[in-house]
Amino acid sequence: MTRSIAKPVLVRSVLAALSLALPLVGAGTALRTSPSLAAGASDDESERLARWKEIRTSIFGDKTIAPTDSLVKIDAPVRALDASLVPITLTMPEKDKVAGIHLVIDDNPSPYAAHIAFGPGADAGEIKLRVRVNNYTNIHAVVETKDGRLFETTKFVKASGGCSAPMGMSDEEAMKGMGDMKLKFAEAQPGRPVEATLMIRHPNFSGMQMNQITRDYTPARYINKVAITRGDQAVLTLDGDISIASNPVINFGLQPEGQGPIKVVATDNQNGRWEHSFTAPSATN
């Protein structure tokens, strides 16, 4: 299953931004939360479950999603030190079965945070991201297997205000060097997956952040797609949204037998496009 990430609600007022009343998820489908399903730190488990069912239907329709403790695991802090920069590690122990993974932050204004589709050039054992968390929330990872089945796991994270947290600098300063990229590699070993860390310079404005100088809300501008290839093989494609933290960092794995340069193409919701090529290390015997 491949679904595009919908554009988040671009609020026109402070109250609209903070009410989280109209989050968008899935392929252009609006999820309108009624007051009874509005996010809150004091919500009980039944309220959180009801909200997840609504989100799940909006993204996946009537597809069956089975629980799993073996196909995907979430590592995240129980209480985030910085709600605008929460580290998430998704581990897929049975990686050869995995085609892609969906990351959903239930109580964010745009819950559908990311969809990652793995290509033949990827080692799908682990993905690391940094995300924004706007409220005490369940985080769902839904893995899609190569035979089309869906499996989920959940992690509860305590954080608040991550989507509206200011960057601590002017918009102009935050946008300097936008689109610059770095790709770092761990030491390559024969027959072992190559660990890579991609860093992209981009403010990923959420549309909910107040410019500390003008006191106006900065319009949303965020990376919505990252495509990574190696030679003629796809490695992975990430469709993202406002829940991805500023200056995105993506840790991923490459198949050891891959050949050719690595190309990264990133686009944002304001028609920005950046492309860079990198030379991958080769293992020495």
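In what follows, the structure referred to is the one given above.
Please read these numbers as outputs of a predicted model, since none were measured by experiment.

Undergrad: Looking at this structure, I do not really get the overall build of the protein chain. What am I missing?
TA: Helix and strand counts for the protein chain come out as three helices and 17 strands. Within the span of the protein chain, comprising 285 residues, buried residues form 49% of the whole. For the protein chain, the share of sequence-separated contacts (at least 6 apart) that also reach a separation of at least 24 residues comes to 67%.

Undergrad: Is there a simple way to think about unusual backbone geometry in this case?
TA: Apart from glycine, the bulk of residues carry a negative phi angle, and the bulk of peptide bonds sit in the trans form. Positive phi outside glycine occurs at Asn247, with the angle close to 50°. Mapped onto the fold, Asn247 is located in the loop between strand S14 (233-240) and strand S15 (249-254). Residue classification places Asn247 among the partly exposed positions, given a relative accessible area of 22%.

Undergrad: So what exactly am I meant to see when it comes to the pattern of salt bridges here?
TA: Opposite charge on two side chains permits them to pair, given that their charged atoms come into close proximity. Tallying each qualifying case throughout the model produces nine salt bridges. For Arg221, the salt bridge is made with Asp268, and the minimal N-O distance between the two is 2.6 Å. Linking Arg221 in the loop between strand S12 (194-200) and strand S13 (223-230) with Asp268 in strand S16 (residues 262-268), this pair joins segments that are 47 residues apart in sequence. Each member of the pair, Arg221 together with Asp268, is buried. Salt-bridge contacts for Glu275 lead to Arg273; the nearest nitrogen and oxygen are separated by 3.1 Å. One network of salt bridges, in which partners are shared, links Asp43, Arg48, Arg51 and Asp107.

Calculation criteria
Residues numbered from 1 in each chain as written. Predicted model: local features only at pLDDT ≥ 70, side-chain atom pairs only at ≥ 80, totals over all residues. Heavy atoms only, no water. Helix = DSSP H or I, 4+ residues; strand = E, 2+ residues; numbered from the N terminus. Buried < 20%, exposed > 50% of the residue type's maximum accessible area, 1.4 Å probe, protein only. Contact = heavy atoms within 4.5 Å. Salt bridge = Lys/Arg side-chain N within 4 Å of Asp/Glu carboxyl O.

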